[in-house]
Amino acid sequence: MTHDHRPFGRLLTAMVSPFRADGSLDIEGAARLAAYLVDEQANDALVINGTTGESPTTTDAEKEQLIRAVVEAVGDRAKVVAGVGTNDTSHTIELATAAEKAGAQGLLVVTPYYNKPPQAGLIRHFTAVADATGLPMLVYDIPHRAGIAIATETLVRLAEHSRIVGVKDAKGDLVGTSWVTSRTDLAFYCGDDPLTLPLLALGAVGLVGTSTHLCGPDAQEMIRAYESGDTGTALALHRRLLPIFTGIFRSPGTILVKAALAAKGLPAGPVRSPLVDATEAEMAQLRQDCEAAGLPL
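Parameters at a glance
Residues numbered from 1 in each chain as written. Predicted model: local features only at pLDDT ≥ 70, side-chain atom pairs only at ≥ 80, totals over all residues. Heavy atoms only, no water. Axes fitted to C-alpha atoms, helices over the stretch in contact; angles between N-to-C directions. Helix = DSSP H or I, 4+ residues; strand = E, 2+ residues; numbered from the N terminus. Parallel < 35°, antiparallel > 145°, perpendicular 65-115°, else oblique. Contact = heavy atoms within 4.5 Å. Nonpolar A, V, L, I, M, F, W, Y, C, P; charged D, E, K, R; others polar. 1 Å grid on protein atoms, 1.4 Å probe; cavity = no way out; pocket = protein on both sides within 12 Å on 5 of 7 lines; lining within 4 Å. Points joined across faces, edges and corners; volume = space filled by probe spheres on them. Phe/Tyr/Trp six-rings, centres within 6.5 Å; stacked < 30°, edge-to-face > 60°. Lys NZ or Arg CZ within 6 Å of the ring centre and 35° of its normal. UniProt positions renumbered as here; feature names shortened; annotations may be inferred. Core = buried A, V, L, I, M, F, W, Y, C linked by side-chain atoms within 4.5 Å. Buried < 20%, exposed > 50% of the residue type's maximum accessible area, 1.4 Å probe, protein only. Left-handed = near helix turned anticlockwise from the far one by under 90°.

> Help me understand the packing of helix 11 (residues 253-263) against helix 12 (residues 280-292) in this model?
In a pair of packed helices, the angle between the axes and the distance between the axes together describe the arrangement. Axis separation between helix 11 and helix 12 bottoms out at 10 Å; the angle between their running directions is 75 degrees. Classified by the interaxial angle, the pair formed by helix 11 and helix 12 is roughly perpendicular. Where helix 11 abuts helix 12, its residues Leu-256, Ala-259, Ala-260 and Ala-263 lie against Glu-282, Met-283, Leu-286 and Arg-287. Tallied by class, the residues present in the contact of helix 11 with helix 12 amount to six nonpolar, no polar and two charged.

Right under this line is the structure:
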């Protein structure tokens, strides 16, 4: 099956979901943040309702509100990809169909977590979700959260589906990724910020980032430089950005991204339990990491 080489552009950010001080959803803030990420942080697309968006703690109704607000805010300037993955196939299908109705232009579906289905179950799950809408879909391979990896042969099988167009790859298995990119035309997007450059060398087409709330233009430039053959510039950018690529994950990325956005006067608000907001010590370290990357807060 032939797929679009780069269905969602080069750079996507898994956007945080802004909340008000009382913990309620800040829809106006979400629209403003989405516009900032597209217009000032060089994103080609945004992932809404991913783990970075605290999807485990937002309701289905809130998820739909967020998609509608972001679609309206970014218009035709960027694509909106909706995170709809759960560990229940029927619920995932419900979220996928709701996201399509709300205007999303793509889906991100994580490996079912905690219940650890066998590979045959993964094929059935991802295929059922892909069959349920007309939207292009990325499967999200992140075994350190889901508990299981999507096997190479499973990814090859999934590539046969016309709407399964790519992978958000956070597996850290460079050999496995090499085999899949050599045997399919799935669009691989790095799902682990500091591994972006190595994955580009294996055939990846871009990044779904977390640190890219703060370093989008530089990450976009790194990808473009590598693609144009200027590997020296790409490597220099990779090395400069390493402090923020890695530092944003000293705590769960959502926590530190929200702290950084608040420091910049952008919509963010608190995190929802069971996450906790950044401490003063974590914030001081984040400022050091951003400074080291040439991106002072």
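> Just checking my understanding: could you explain empty space enclosed by the protein for this structure?
Take a probe with the size of a water molecule and roll it over the atoms, and the empty space left behind shows itself. Enumeration over the complete set of coordinates arrives at one cavity of 30 Å³ or more. Looking at the largest cavity, its volume works out to about 30 Å³. Lining the largest cavity are Asp-141, Leu-155, Val-167, Asp-169, Lys-171, Gly-176, Thr-177, Val-180 and Phe-188. The element contributing the most residues to the lining of the largest cavity is helix 7 (residues 174-183), with three residues. Of the residues in the lining of the largest cavity, the class split is four nonpolar, two polar and three charged.

> Could you clarify how one ought to interpret the packing of aromatic side chains in this entry?
Two descriptors summarise a pair of aromatic rings, namely the distance from one centre to the other and the angle between the planes of the rings. Applying the stated criterion to the full structure yields zero aromatic pairs. A cation over a ring is seen here: Arg-272 above Phe-19, with NZ or CZ 4.1 Å from the ring centre.

> Explain the UniProt feature "binding site: pyruvate" (unreviewed entry) in the chain here, please?
Here the UniProt feature "binding site: pyruvate" (unreviewed entry) sits at Thr-52 and Val-208. Maximum C-alpha separation among the annotated residues is 11.0 Å over a sequence range of 157 residues, consistent with a single clustered spot. Checking the annotated residues one by one, the ones that line the largest pocket turn out to be Thr-52 and Val-208. Within the secondary structure, Thr-52 is located in the loop between strand 2 (45-48) and helix 2 (60-74). With residues near it in sequence (within four places) discarded, Thr-52 still touches Ala-14, Met-15, Val-16, Ser-17, Thr-210, His-213 and Thr-254. Structurally, Val-208 can be placed in strand 8 (residues 206-209). Beyond its immediate chain neighbours, meaning those up to four positions away, Val-208 contacts Leu-12, Ala-14, Val-47, Lys-168, Tyr-189, Cys-190, Gly-191 and Asp-193.

> I'm lost on the nonpolar core in this one. Help?
Side chains of nonpolar character tend, in soluble globular proteins, to be buried together. Ranked by size, the top nonpolar core spans 77 residues in total, and within it Met-15, Leu-46, Leu-107, Phe-126, Met-137, Val-139 and Ile-244 carry the most contacts. In contact with Ile-244, not counting residues within four places along its chain, are Ser-211, Leu-214, Cys-215, Leu-286, Asp-289, Cys-290, Ala-293 and Leu-295. Residues Leu-138, Tyr-189, Val-205 and Val-208 belong to the second largest nonpolar core, which totals 17 residues.

> Help me understand the layout of surface pockets in this model?
Reported here for the largest pocket is a volume of approximately 940 Å³. Contributing to the lining of the largest pocket are 43 residues, with Gly-50, Thr-51, Thr-52, Pro-56 and Arg-145 lying nearest its centre. Elements with a contribution of two residues or more to the lining of the largest pocket: helix 2, helix 3 (89-102), strand 4 (106-110), helix 5 (143-146) and helix 11. Among the residues forming the lining of the largest pocket, the class breakdown is 18 nonpolar, 17 polar and eight charged.

> Which parts of the structure should I look at to understand the packing of helix 3 against helix 4 (residues 119-132)?
One way to put it is that helix 3 packs onto helix 4 with a least axis distance of 9 Å and a crossing angle of 25 degrees. With respect to each other, helix 3 and helix 4 are oriented roughly parallel. The hand of the helix 3/helix 4 crossing is right-handed. Contact residues: helix 3 offers Thr-89, Thr-92, Ile-93, Ala-96 and Thr-97, while helix 4 offers His-125, Ala-128, Val-129 and Ala-132. Taken together, the residues of the contact of helix 3 with helix 4 break down into five nonpolar, four polar and no charged.

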